[in-house]
Amino acid sequence: LRSKNAGIVDVLWAFSLSFLALFHLITSDGYLPLSLLAASIMFLWYLRLGLHLAQRVLGEDEDGRYKYLRDYWADKTNFYHFFFFQFQALLAWGFAIPVWLISQGQIENLGLAQYAGLAIAIIAIIGVTTADKQLAAFKADPKNKGEVCEKGLWNYSRHPNYFFEWLHWFAYPLMGMGLEYGGWLWLAPLIMLLFLYFITGIPYTEQQAIRSRGDKYRRYQQTTSAFIPWRKKT
């Protein structure tokens, strides 16, 4: 309320997932190496995201999406923000369920599936870190103000950061293979895909991009894959 910057809540949301991962590790009743592996992946993933968001939120004006909602909701902004943020808190609890379930599981030792999950998580964190750095370097150049980033991974996907976020969620069902209720974890990447592609991710980000970049972004939409990195269309 003081800063008129709702993006601060996004930072705290990311850090809350890191906290929940640690909490589920500390209260684990399952096979400790597996619990440690799953909790470490979620802790590091959302710690990185929280630090990345903090740097952006504290160093820039309020995100354009929040500015738009502030104008759209007018004098009801604080009222709607309150319930929106409570929904985010509920999502944080829900997104941490995979680590909780894995931390209760009992297996004899780590197998090929668990190591495959770790490999996917490493690929995802390298990919998202690379995408973030490429976008930051593009924005840092004053000549690119108002332009659309088509450098590096952004040449093949309009949202490589969202793609790698989704990819990292395959680590948890792989780690849960062999656990009693591990099959339910395959819902995690499916639910995340629904959120990123249809609810909270791509739709709002692209609406703001069109408002700020207009026809340049519409051309980008016509030539570049929305999600999965792929070759350009002519």
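Residues numbered from 1 in each chain as written. Predicted model: local features only at pLDDT ≥ 70, side-chain atom pairs only at ≥ 80, totals over all residues. Heavy atoms only, no water.

1. Focus: the overall build of the protein chain
Okay, step 1: Counting secondary structure elements, the protein chain contains 11 helices and zero strands.
Okay, step 2: Listing the helices and strands of the protein chain from first to last along the sequence gives α-α-α-α-α-α-α-α-α-α-α.
Okay, step 3: Against the compact-globule benchmark of 17 Å for 234 residues, the protein chain has a radius of gyration of 19 Å, which places it among compact chains.
Okay, step 4: Its C-alpha atoms give the protein chain principal-axis dimensions of about 55 × 45 × 25 Å.
Okay, step 5: Burial analysis of the protein chain (234 residues in total) assigns 42% to the buried set. (Helix = DSSP H or I, 4+ residues; strand = E, 2+ residues; numbered from the N terminus. Rg over C-alpha atoms; globule rule 2.2 N^0.38 Å. Buried < 20%, exposed > 50% of the residue type's maximum accessible area, 1.4 Å probe, protein only.)

2. Quick notes on the packing of helix α1 (residues 7-26) against helix α2 (residues 32-59)
When two helices pack together, their arrangement is given by the angle between the helix axes and by the axis-to-axis distance.
Okay, step 1: At a closest axis distance of 8 Å, the pairing of α1 and α2 adopts a crossing angle of 165 degrees. Considered as vectors, α1 and α2 are oriented roughly antiparallel to each other. Crossing angle aside, the handedness with which α1 passes α2 is left-handed.
Okay, step 2: Grouping the amino acids of the contact of α1 with α2 by side-chain chemistry returns 21 nonpolar, four polar and one charged. (Axes fitted to C-alpha atoms, helices over the stretch in contact; angles between N-to-C directions. Parallel < 35°, antiparallel > 145°, perpendicular 65-115°, else oblique. Left-handed = near helix turned anticlockwise from the far one by under 90°. Nonpolar A, V, L, I, M, F, W, Y, C, P; charged D, E, K, R; others polar.)

3. Some thoughts on the nonpolar core
Okay, step 1: By size, the foremost hydrophobic cluster in this structure holds 47 residues, and its most contacted members are W13, L17, M42, Y46, F95, I102 and W169.
Okay, step 2: Secondary-structure elements contributing two or more residues to this core are α1, α2, α4 (77-95), α5 (97-103), α6 (112-140), α7 (160-168), α8 (171-175) and α9 (187-199).
Okay, step 3: A total of 12 residues in this core trace back to one element, the largest contributor, which is α2.
Okay, step 4: Ignoring any residue separated from it by four or fewer positions in sequence, one finds I102 in contact with L34, S35, A38, Y172, M175, G176, L179 and L185.
Okay, step 5: A131, F138, Y217 and Y220 belong to the second-largest nonpolar core, a separate cluster that totals eight residues. (Core = buried A, V, L, I, M, F, W, Y, C linked by side-chain atoms within 4.5 Å. Contact = heavy atoms within 4.5 Å.)

4. Structural notes on the pattern of salt bridges
Once the charged atoms of two side chains with opposite charge are near each other, the side chains can pair.
Okay, step 1: Evaluation of the coordinates by the stated rule reveals seven salt bridges.
Okay, step 2: Residues K216 and E147 are paired through a salt bridge, measuring 2.6 Å at the closest nitrogen-oxygen approach. Taken together, the positions of K216 in helix α11 (residues 215-223) and E147 in the loop between α6 and α7 put the pair 69 residues apart, joining distant regions of the chain.
Okay, step 3: Residues R218 and D215 are paired through a salt bridge, measuring 2.9 Å at the closest nitrogen-oxygen approach. With R218 and D215 both in helix α11 and three residues apart, the pair spans about one turn of that helix.
Okay, step 4: Judged by relative accessible area, D215 falls into the exposed class, the value being 59%.
Okay, step 5: Salt bridges sharing common partners tie together E150, R219 and K232. (Salt bridge = Lys/Arg side-chain N within 4 Å of Asp/Glu carboxyl O.)

5. Some words on the side chain of S35
Okay, step 1: Note on placement: S35 falls in helix α2.
Okay, step 2: A residue is classified by how much of its surface remains accessible, and S35, at 2% relative accessible area, is buried.
Okay, step 3: At 3.5 Å, the side chain of S35 and the backbone oxygen of S103 are in polar contact.
Okay, step 4: Those residues in contact with S35 that lie beyond four places of it in its chain are L25, S28, G30, I102 and S103. (Polar contact = N/O pair within 3.5 Å; in protein donor to acceptor, adjacent residues only side chain to side chain.)

6. Structural notes on the packing of α9 against helix α10 (residues 202-213)
Okay, step 1: Axis separation between α9 and α10 bottoms out at 5 Å; the angle between their running directions is 25 degrees. On the basis of their axis angle, the class for α9 and α10 is roughly parallel. Across the interface between the two elements, L196, Y197, F198 and I199 of α9 pack against I202, P203 and Y204 of α10.

7. Details of a nonpolar patch on the surface
Okay, step 1: Taken together, Y181, W184, L187, L190, I191, L194, Y197, F198 and I199 make up a surface patch of nonpolar side chains, about 920 Å² in accessible area.
Okay, step 2: Here I191 shows up in helix α9.
Okay, step 3: Relative accessible area serves as the criterion here: at 39%, I191 is assigned to the partly exposed category. (Patch = residues over 30% accessible without salt bridge, like charges linked within 9 Å, V, L, I, M, F, W, Y side chains within 5 Å. Areas by Shrake-Rupley, 256 points an atom, 1.4 Å probe, with all protein chains shown as cover.)

8. Observations regarding the environment of I199
Okay, step 1: Topologically, I199 is positioned in helix α9.
Okay, step 2: Those residues in contact with I199 that lie beyond four places of it in its chain are L194 and Y204.

9. Details of the confidence of the model for the protein chain
Regions with low pLDDT should not have their predicted coordinates read in detail.
Okay, step 1: Here the protein chain averages 93 in pLDDT, and 100% of its residues register 70 or above.
Okay, step 2: Taken element by element, the protein chain is modelled with least confidence in helix α3 (residues 64-73), mean pLDDT 84, and with most confidence in α8, mean pLDDT 97. (pLDDT = per-residue confidence, 0-100.)

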